[in-house]
Amino acid sequence: MVLNTATDELEITPCVDVPAAFSGMAIAGSFNDWGDTPMNACSASADNHDWYVVQHLDEGAEIKIKQADSWDYNRGGTFVTQPDGMYAFGVGNGDNLKITESADYLIIFNDITGFIRFIKQ
């Protein structure tokens, strides 16, 4: 999609790349010996791309979000902290996400954009 602000014209082209549809996502990290803790799909649709889980994490824990049962697709990165939570744009094979405060977190992830959000509960 391209918006020309000088002429106020919007050009939309169809997406030719079909995003991968995963049967499951998980969080893995120092809190679970880098095993899989499953995430929940936000939709019952086979085309689900939004995932969530509530997890207690201690200060100093490190985690990544990954494809269930595989490290072929995994996302890490660096948090940006805002008043309403911690955010990251997941990078393939990126750095481990580092937890700075012990808490229960609602973790939300989109596997197309790689957008990760941690909301303290």
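Since the model is a prediction, treat every value here as computed from it, not as a measurement. (Residues numbered from 1 in each chain as written. Predicted model: local features only at pLDDT ≥ 70, side-chain atom pairs only at ≥ 80, totals over all residues. Heavy atoms only, no water.)

On to the packing of aromatic side chains. Here the structure, examined in full by the defined rule, presents 7 aromatic pairs. Look at Phe22 and Tyr73: their rings are 4.6 Å apart centre to centre, the planes differ by 45°, and that puts the pair in the tilted class. You can see Phe22 sitting in the loop between β2 (9-11) and β3 (25-29) and its partner Tyr73 sitting in the loop between β7 (62-67) and β8 (74-76), a full 51 residues away along the chain. For the pair formed by Phe22 and Tyr73, the shared burial category is buried. Here Tyr87 and Phe115 contribute two aromatic rings whose centre-to-centre distance is 5.7 Å and whose plane-to-plane angle is 40°, an arrangement assigned as tilted. With a gap of 28 residues between them, Tyr87 in strand β10 (residues 85-89) and Phe115 in strand β14 (residues 115-120) connect regions that are remote in the sequence. Joined through ring pairs, the aromatic side chains of Phe22, Tyr73 and Phe109 make up one cluster. (Phe/Tyr/Trp six-rings, centres within 6.5 Å; stacked < 30°, edge-to-face > 60°. Helix = DSSP H or I, 4+ residues; strand = E, 2+ residues; numbered from the N terminus. Buried < 20%, exposed > 50% of the residue type's maximum accessible area, 1.4 Å probe, protein only.)

The next subject is the sheet that holds β10. Two modes of strand pairing occur in sheets, parallel and antiparallel, and in both the strands are linked by backbone hydrogen bonds. On the basis of which strands lie adjacent, the open sheet formed by 6 strands has the order β5-β6-β13-β14-β10-β9 and antiparallel pairing. Edge positions in the sheet fall to β5 (40-41) and β9 (80-82), since each has one partner strand and no second. Bridging between β5 and strand β6 (residues 50-57) involves 2 bridges; their strand directions are antiparallel. Bridging from a neighbouring strand, Asn40 pairs with Tyr52 of β6. (Pairing = 2+ DSSP bridges.)

Counting 22 residues, the largest nonpolar core has Met39, Ile107 and Phe118 as its most contacted members. For this core, the secondary-structure elements that each account for two or more residues are β3, β6, β7, β10, β13 (103-110) and β14. Among the elements that line this core, the one with the most residues is β13, at 4 residues. Ignoring sequence-local partners within four residues, the contact set of Met39 consists of Met25, Ala26, Ile27, Trp51, Tyr52, Val53, Ile65, Ile107 and Phe109. (Core = buried A, V, L, I, M, F, W, Y, C linked by side-chain atoms within 4.5 Å. Contact = heavy atoms within 4.5 Å.)

Of the strand pairs in this sheet, β3 and β7 are connected by 5 bridges, and their pairing is antiparallel. Within β7, the position partnered with Ala26 by the bridge is Lys66. When β7 meets β8, the two strands line up antiparallel, connected through 2 bridges. Its bridge partner lying in β8, Ile65 is registered against Arg75. Hairpin remark: β7 followed by β8, antiparallel, with 6 residues in the connecting loop; positive phi at Asp69, about 65°.

Further remarks concern the pairing of β10. The element β10 is largely enclosed, with a buried count of 4 among its 5 residues. Judged from the 3 bridges that link them, β9 and β10 form a sheet pairing that is antiparallel. Directly across from Val80, in β10, lies its bridge partner Tyr87. With 4 bridges connecting them, β10 and β14 associate as antiparallel partners. Note that in β14 the partner of Phe89 across the bridge is Phe115.

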